Amino acid sequence: MVPLKALPLFYLVACAVALPKIPLSKRKDILASMKRTGVLDNIDRLKMQTAKTKSKIQSGIAAFERNTGSIHPAVSGFRGQFAATSNNPAPEKLAATSKRATASEPLTDFEEDLWFGTITVGTPPQTLTVDFDTGSSDTFLPAVGCDATCDGHTLYDPAASSTAVNTTDPFFLQFGAGNATGFVFTDTVTIAGLTAQSQAVGASNHYSVEFEVDNFPPDGLVGMAFPALAVFGDNPLFTTLADQGTVPPVFGVKLADTGSELFLGGVDTALFTGAFRNVSLIEEDFYALNLQALDVNNKVVATANGVVAIVDTGTTLLIGDDEGVEILYSAIPGSKDASAILGPGFFTVPCNRIPTVGIELGNQVFNVAPAIFNLGVLEGNDCVGGVTSLDGVPFWVLGDIFLRNFYTVFDQGNARVGFATLR
Ligand SMILES: *[C@@H]1O[C@H](CO)[C@@H](O)[C@H](O)[C@H]1NC(C)=O
Ligand SMILES: *[C@@H]1O[C@H](CO)[C@@H](O)[C@H](O)[C@H]1NC(C)=O
Ligand SMILES: *[C@@H]1O[C@H](CO)[C@@H](O)[C@H](O)[C@H]1NC(C)=O
């Protein structure tokens, strides 16, 4: 197996089209760069990351309910909607991995993907790095005056920006073990050469441990989902750009070992081949799709009814509910429940027979390559699978383990997400 620890850093380039009146072929400039970093050598850190996903999603759902006055559709009646198929007749209780270990046992082959790039905030511009997260909708940064939890990050200084306005609205974002808090400002934000005026930015005076520099190399986070999820109740950065006519409401993402890129205002035709296989959004809050079935080695092993899957660049793993994940692994001969070693939700598969796991969306099968699915050797012939379950997350989360297999277009204007073959 590839020694993931030895992976170099990757510098990623992003491009965007200019004003909508200019044809797409006239896209110009290298507009933002993203790089991939962070080798995960500790299971605790992976768990911290999944806990962060859970609280992020719960915060988004709570914000949806405040913003819209409705219950989020994914929350009502999720459970019990997977059914094993005749290929996989009787989900059995899986054997447990044999060896016990502590929760902090290092797993050197685990890898964390964190994709980030640069934005500038304020006048004159202050440069900070951010994680681009399609699973949330707020922008927040560590700010001058933050306590020791922001140490090591570059700090946003609203007092040094002539365009900064303190809305005086406090914000509170719950993340796993802690919270990020501060006041919402509006300021000028430039991403990839495109400028948003009066963008809501959370100026944090406290960070939760998940965002401390050792766990989170970029300074802040830019949520790339829809306004309904915004905890601040303000438009996300990309929505502001699109509403202000700066860019068409579509962006493309390549997350891969090399040449990764966020492309604003269209798709980068140099990075994929063939046509997109598009899937309509069933909601415009998260990028939410209808998950139809799970496959193993190109056979359907579970059908799903009313299960929502969200497309999330801000999550490393492919996360599902307990029931669906149990059915999936029970269809993989030799798989084991690894919860005794790794904690709840983790499973292993035989290293010499890594399966091809497929996710069915929009009547099409999207396969996860075995080399991407395999997170690394746990012990002997047991390799950790990239699909895990997370109690309390009311739907599936298609994180990097899924997204690294495709070039992905997030087409807000046409309410769809599309996947093409990486070049
Ligand atoms: C923003 O306004 C709040 C509420 O008035 C205040 O407590 C806070 O100190 C202000 N922040 C800055 C950086 O001026
Ligand atoms: C937010 O985090 C701080 C620091 O960890 C903690 O003291 C506080 O109780 C938390 N607030 C809530 C409402 O959870
Ligand atoms: C799929 O979506 C992409 C991006 O929005 C678009 O260019 C393409 O035409 C769509 N394909 C179909 C068949 O609708």
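Rules used throughout
Residues numbered from 1 in each chain as written. Chains lettered and ligands numbered in written order. Predicted model: local features only at pLDDT ≥ 70, side-chain atom pairs only at ≥ 80, totals over all residues. Heavy atoms only, no water. Helix = DSSP H or I, 4+ residues; strand = E, 2+ residues; numbered from the N terminus. Buried < 20%, exposed > 50% of the residue type's maximum accessible area, 1.4 Å probe, protein only. Contact = heavy atoms within 4.5 Å. Areas by Shrake-Rupley, 256 points an atom, 1.4 Å probe, with all protein chains shown as cover. Salt bridge = Lys/Arg side-chain N within 4 Å of Asp/Glu carboxyl O. 1 Å grid on protein atoms, 1.4 Å probe; cavity = no way out; pocket = protein on both sides within 12 Å on 5 of 7 lines; lining within 4 Å. Points joined across faces, edges and corners; volume = space filled by probe spheres on them. Pairing = 2+ DSSP bridges. Near = heavy atom within 4 Å. Polar contact = N/O pair within 3.5 Å; in protein donor to acceptor, adjacent residues only side chain to side chain. UniProt positions renumbered as here; feature names shortened; annotations may be inferred. Nonpolar A, V, L, I, M, F, W, Y, C, P; charged D, E, K, R; others polar. Axes fitted to C-alpha atoms, helices over the stretch in contact; angles between N-to-C directions.

Asker: Go over the overall build of the protein chain with me, naming the residues and quoting the values.
Answerer: For the protein chain, the count of helices and strands is 6 helices and 27 strands. Counting the 423 residues in the protein chain, one finds 58% classified as buried. Summarising the internal contacts of the protein chain: among those between residues at least 6 apart in sequence, 72% fall at separations of at least 24. Put simply, the protein chain shows about 15500 Å² of open surface, and 54% of that area lies on carbon and sulfur atoms.

Asker: So, the side chain of Thr408: which residues are in play, and what are the values?
Answerer: For Thr408, the position within the fold is in strand 26 (residues 407-411). Dropping the residues within four chain positions of it, Thr408 is found in contact with Phe251, Gly252, Val253, Leu403, Val417, Gly418 and Phe419.

Asker: Lay out the pattern of salt bridges with the relevant residues and their values.
Answerer: Opposite charge on two side chains permits them to pair, given that their charged atoms come into close proximity. Inspection of every chain in the model, using the stated rule, returns 4 salt bridges. In this structure, the salt-bridge partner of Lys56 is Asp312, at a minimum N-O distance of 2.7 Å. Note that Lys56 is positioned in helix 1 (residues 43-68) and Asp312 in the loop between strand 16 (299-311) and strand 17 (318-320), a separation of 256 residues in sequence. Classification of Lys56 by relative accessible area gives buried; the value is 8%. When the shortest N-O distance is used, the salt bridge between Asp382 and Lys336 registers 3.1 Å.

Asker: With reference to specific residues and values, describe unusual backbone geometry.
Answerer: Cis geometry marks the peptide bond from Thr123 to Pro124; its omega dihedral reads -5 degrees. Along the chain, the position of Pro124 falls in the loop between strand 4 (114-121) and strand 5 (126-133). At Thr168, a position not held by glycine, the phi torsion is positive, near 65 degrees. Within the secondary structure layout, Thr168 lies in strand 7 (residues 165-175). Residue classification places Thr168 among the exposed positions, given a relative accessible area of 52%. Even without being a glycine, Ala192 presents a positive backbone phi close to 55 degrees.

Asker: Could you give an account of the layout of surface pockets, naming the residues involved and the relevant values?
Answerer: Of the voids in this model, the second largest pocket is the one considered here, and its volume is about 280 Å³. Lining the second largest pocket are 17 residues; nearest its centre among them are Pro344, Gly345, Ser389, Leu390 and Asp391. Put simply, the parts of the chain that give the lining of the second largest pocket at least two residues each are helix 1, helix 3 (322-330) and strand 24 (387-389). At 4 residues, helix 1 tops the list of elements feeding residues into the lining of the second largest pocket.

Asker: I'd like a description of the pairing of strand 23 (residues 382-385), backed by residues and values.
Answerer: Where strand 19 (residues 347-350) lies against strand 23, 3 bridges are found, and the strand directions are antiparallel. By the bridge assignment for strand 23, Val349 is matched with Cys383. The hairpin formed by strand 22 (residues 374-379) and strand 23 contains 2 residues between the paired strands, and Gly380 there has a positive phi angle of roughly 55 degrees.

Asker: I'd like a description of the site of ligand 3, backed by residues and values.
Answerer: Around ligand 3 sit Phe276, Asn278, Val409, Asp411 and Arg416, and those are all the residues in its vicinity. Asn278 places a polar side-chain atom, nitrogen or oxygen, 2.5 Å from an oxygen atom of ligand 3. The protein chains hide 49% of the 360 Å² of surface that ligand 3 would expose on its own. Every element with two or more residues in the shell around ligand 3 is listed here: strand 13 (272-280) and strand 26.

Asker: Please set out empty space enclosed by the protein residue by residue, giving values where relevant.
Answerer: In this approach, a probe sized like a water molecule rolls over the atoms, and the result shows the empty space that is left. With the rule as written, the count across this model stands at 4 cavities of 30 Å³ or more. Taken as a whole, the largest cavity encloses approximately 100 Å³ of empty space. As for the largest cavity, its lining consists of 13 residues, of which Lys56, Ser136, Asp138, Leu173 and Val231 are closest to the centre. When residues of the lining of the largest cavity are traced back to their parent elements, those giving at least two are helix 1 and strand 7.

Asker: Tell me what's going on with the UniProt feature "active site" (unreviewed entry) in the protein chain, and back it up with residues and numbers.
Answerer: Following the UniProt record, one finds the feature "active site" (unreviewed entry) at Asp133 and Asp312. The annotated residues occupy 180 residues of the chain but converge on a single region, no pair of C-alpha atoms lying more than 6.7 Å apart. Classification of Asp133 as buried rests on a relative accessible area of 1%. Sequence-distant contacts of Asp133, defined by excluding residues within four places in its chain, comprise Lys56, Leu221, Val222, Gly223, Met224, Ala225, Asp312, Thr313 and Gly314. Reaching out from Asp133, the side chain makes a polar contact with the backbone nitrogen of Gly135 at a distance of 2.9 Å. The contacts of Asp312, once residues within four sequence positions are left out, are Lys56, Asp133, Thr134, Gly135, Val397, Leu398, Gly399, Asp400 and Leu403. A distance of 2.7 Å separates polar atoms of two side chains, one belonging to Asp312 and the other to Lys56.

Asker: With reference to specific residues and values, describe the site of ligand 2.
Answerer: Near ligand 2, the surroundings consist of Phe172, Gln174, Asn179 and His206. Contacts to ligand 2 include Asn179, whose side-chain N or O atom sits 2.3 Å from an oxygen atom. Coverage of ligand 2 by the protein amounts to 34% of the 360 Å² it exposes when considered alone. Class assignment for the residues of the shell around ligand 2 results in 1 nonpolar, 3 polar and no charged.

Asker: An account of the sheet that holds strand 23 is needed here, citing residue identities and associated values.
Answerer: Sheet architecture is open: 4 strands sit in the order 18-19-23-22, paired in antiparallel fashion. Whereas interior strands pair on both sides, the edge strands pair on one side only; in this sheet they are strand 18 (336-337) and strand 22. Each of strand 19 and strand 23 touches helix 3; the most contacted strand, strand 19, lies at about 15 degrees to it.

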